Amino acid sequence: MDQQAMEELYLKDNKFFGQLVGVWPDQGKFMKFLMRFIILIVMIIAFIAQISRVAVFYSVDVLSDQIPYIDLGFALMLKQYNYILNEKKLRELLHNIISDRLVKRSKEEEEIFEIYFKRAMFFCSFYEVSIYSCGFMFLSMPSIPLIMNVIMPLNESRSRELVYPSYYFVDEQKYYYLITGHMLAVCLGHVFVYIACDINLIHVVHHGCALLTISGYHFKHAMDNVDLCNEKYSDELMEKTYAKVSQSIDAHKKAVEYVNKIDACHIHYFFILLGMIIVTFTGTFIKLTSMEIGGRFFTFCTFTIGQLTHLLFLMVMGQFLIDSNEEVFKTIYDARWYYGSSKTQSLYLLVLRKCLNPPKLTGGGLIALNLDSFVKVLKTSFSYYTVFRSS
């Protein structure tokens, strides 16, 4: 199977959504810049319309109402331009997935790759459904008054609903369909950019986990032919065992380097995004507590669930790498390294020491992405929400 066939098999969704938003590294230059330009223009108009509403109708309620939407738009631009600015790093990470799958490996190693690929596909599907559901709720907002007019008619027709609050400096009723068309484009842009960027992260993280697991497998089986004390074995067997352990170290080193590349591609992105998530959560909590039960309230509930899913998704990717490293450490520790020569034992001790400082995903090198940080972000958001509500 050649590289293109592998790409279609393992990175089909990544390529499709990446080309839609111009972040697929191997996309043609013209289409790449065209898609980036379209999204940029759509988002600039959206920012102007949202910021104008705050400026023209300024109040604390209007500001708190608009912040989640503005923050969400900046998150879109952050996601897209992180991969635009780090295009070479992303290309290398994705190409490594293909090149590693093209290498002829043992059956056990292929099974490890398949296990992590299937797990990556499961998380991609779950994440896509979550984003689609959130996007659908916003896209359906204009149709709610029409449906309610049929189900529960009033003496007069209900007023038209916009997808999200904005101010376009024109008569909203006269240009309703044009405004709604732009808002629908904004929503679709969010859906496609979020999916395109985040499923890339899912695949590269799971590939890193697979590489770590394979290195652990090598360490575990490097001593398979050694059952007795060192004195019972020939120098030739000891040298073969030493060579196997050295190869295991090379595999572990490659896995660590790959994970470090993932972190280097996302380190500033994670830091800024976590701060924006806290702002969005705070604004969403304030808005939910002040809204009446209705269509937009349930839309915001879905939006909140989508935010939680997005935050959990980011944190659990870092947790997967931490767990994989701990599994490698345990596998190495449980291996029969003590049956090897002193030279071989020293290699095991060195790699065990290396596992005590594992590669991990961080926000700016300050915040480790794990489930503990997930709880801390939620606590911080609730703390800011409490301060704003009490002021």
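Just so we're clear, the structure is a prediction, and the values are computed from it rather than from any experiment. (Residues numbered from 1 in each chain as written. Predicted model: local features only at pLDDT ≥ 70, side-chain atom pairs only at ≥ 80, totals over all residues. Heavy atoms only, no water.)

Side note on helix H5 (residues 87-102)
The periodicity of an α-helix, 3.6 residues per turn, causes residues three or four positions apart to be oriented the same way.
So, step 1. Counted at 1.5 Å a residue, the expected span for H5 with its 16 residues is 22 Å, and the 23 Å between its end C-alpha atoms agrees.
So, step 2. Those residues of H5 that sit buried are Glu87, Leu90, Leu93, Leu94, Asn96, Ile97, Ile98, Asp100 and Arg101. (Helix = DSSP H or I, 4+ residues; strand = E, 2+ residues; numbered from the N terminus. Expected span 1.5 Å × (residues − 1). Buried < 20%, exposed > 50% of the residue type's maximum accessible area, 1.4 Å probe, protein only.)

Quick look at the packing of aromatic side chains
So, step 1. The full count for this structure, using the stated rule, is twelve aromatic pairs.
So, step 2. With 5.4 Å between their ring centres and 75° between their planes, tyrosine 176 and tyrosine 177 make a pair best called edge-to-face.
So, step 3. For tyrosine 176, a relative accessible area of 6% gives the class buried.
So, step 4. An aromatic cluster is present here, built from Phe16, Phe17 and Phe192 joined pairwise through their rings.
So, step 5. Positioned above the aromatic ring of tyrosine 194 is the side chain of lysine 79, whose terminal nitrogen or guanidinium carbon lies 4.9 Å from the ring centre. (Phe/Tyr/Trp six-rings, centres within 6.5 Å; stacked < 30°, edge-to-face > 60°. Lys NZ or Arg CZ within 6 Å of the ring centre and 35° of its normal.)

A closer look at the UniProt feature "transmembrane region" (unreviewed entry) in the protein
So, step 1. Here, UniProt's "transmembrane region" (unreviewed entry) annotation points to residues 37-60, 129-154, 175-196, 267-286 and 298-322.
So, step 2. Note that residues 267-286 is 100% helix and 0% strand, and that its end C-alpha atoms are spaced 30 Å apart. (UniProt positions renumbered as here; feature names shortened; annotations may be inferred.)

Things to note about helix H11 (residues 342-355)
So, step 1. The terminal C-alpha atoms of H11 lie 20 Å apart, and with 14 residues this matches the ideal 20 Å at 1.5 Å per residue to within 8%.
So, step 2. Listed as buried for H11 are Thr344, Leu347, Tyr348, Val351, Leu352 and Cys355. Seen end-on, H11 carries its buried residues on one side only, within an arc spanning 135°. Residues of H11 that are exposed and point over 90 degrees away from its buried face: Ser342 and Leu350. (Arc of directions from axis to C-beta.)

Focus on the packing of helix H3 (residues 29-56) against helix H8 (residues 176-221)
So, step 1. For the pair H3 and H8, interaxial distance at closest approach is 10 Å and the crossing angle is 120°. The angle between the axes of H3 and H8 places the two elements in the oblique class. Where H3 crosses over H8, the handedness of that crossing is left-handed. Along its contact with H3, which presents Ile39, Val42, Met43, Ile45 and Ala46, the element H8 presents His182, Ala185, Val186, His190 and Val193.
So, step 2. For the contact of H3 with H8, a count of residues per class yields eight nonpolar, two polar and no charged. (Axes fitted to C-alpha atoms, helices over the stretch in contact; angles between N-to-C directions. Parallel < 35°, antiparallel > 145°, perpendicular 65-115°, else oblique. Left-handed = near helix turned anticlockwise from the far one by under 90°. Contact = heavy atoms within 4.5 Å. Nonpolar A, V, L, I, M, F, W, Y, C, P; charged D, E, K, R; others polar.)

Overview of the environment of glycine 364
So, step 1. Structurally, the position occupied by glycine 364 is in the loop between strand S1 (362-363) and strand S2 (367-368).
So, step 2. Residue class for glycine 364 comes out partly exposed when judged on its relative accessible area of 30%.
So, step 3. Other than its neighbours up to four places away in sequence, glycine 364 contacts Ile267 and Phe271.

Digging into the side chain of serine 52
So, step 1. Within the element layout of this structure, serine 52 appears in helix H3.
So, step 2. With sequence-adjacent residues up to four places away left out, serine 52 is seen in contact with Tyr167 and Phe169.

Quick word on the packing of helix H4 (residues 60-85) against H8
So, step 1. In the contact formed by H4 and H8, the axes pass within 10 Å of each other and the chain directions differ by 45°. In terms of orientation, H4 and H8 fall into the oblique class. Considering how the two elements wind past one another, H4 and H8 form a crossing that is left-handed. In this structure, H4 uses Leu72, Gly73, Ala75, Leu76, Lys79, Gln80 and Tyr83 to contact H8, whose residues at the interface are Gly189, His190, Val193, Tyr194, Cys197, Asp198, Asn200 and Leu201.
So, step 2. Looking at side-chain class alone, the contact of H4 with H8 contains eight nonpolar, five polar and two charged residues.

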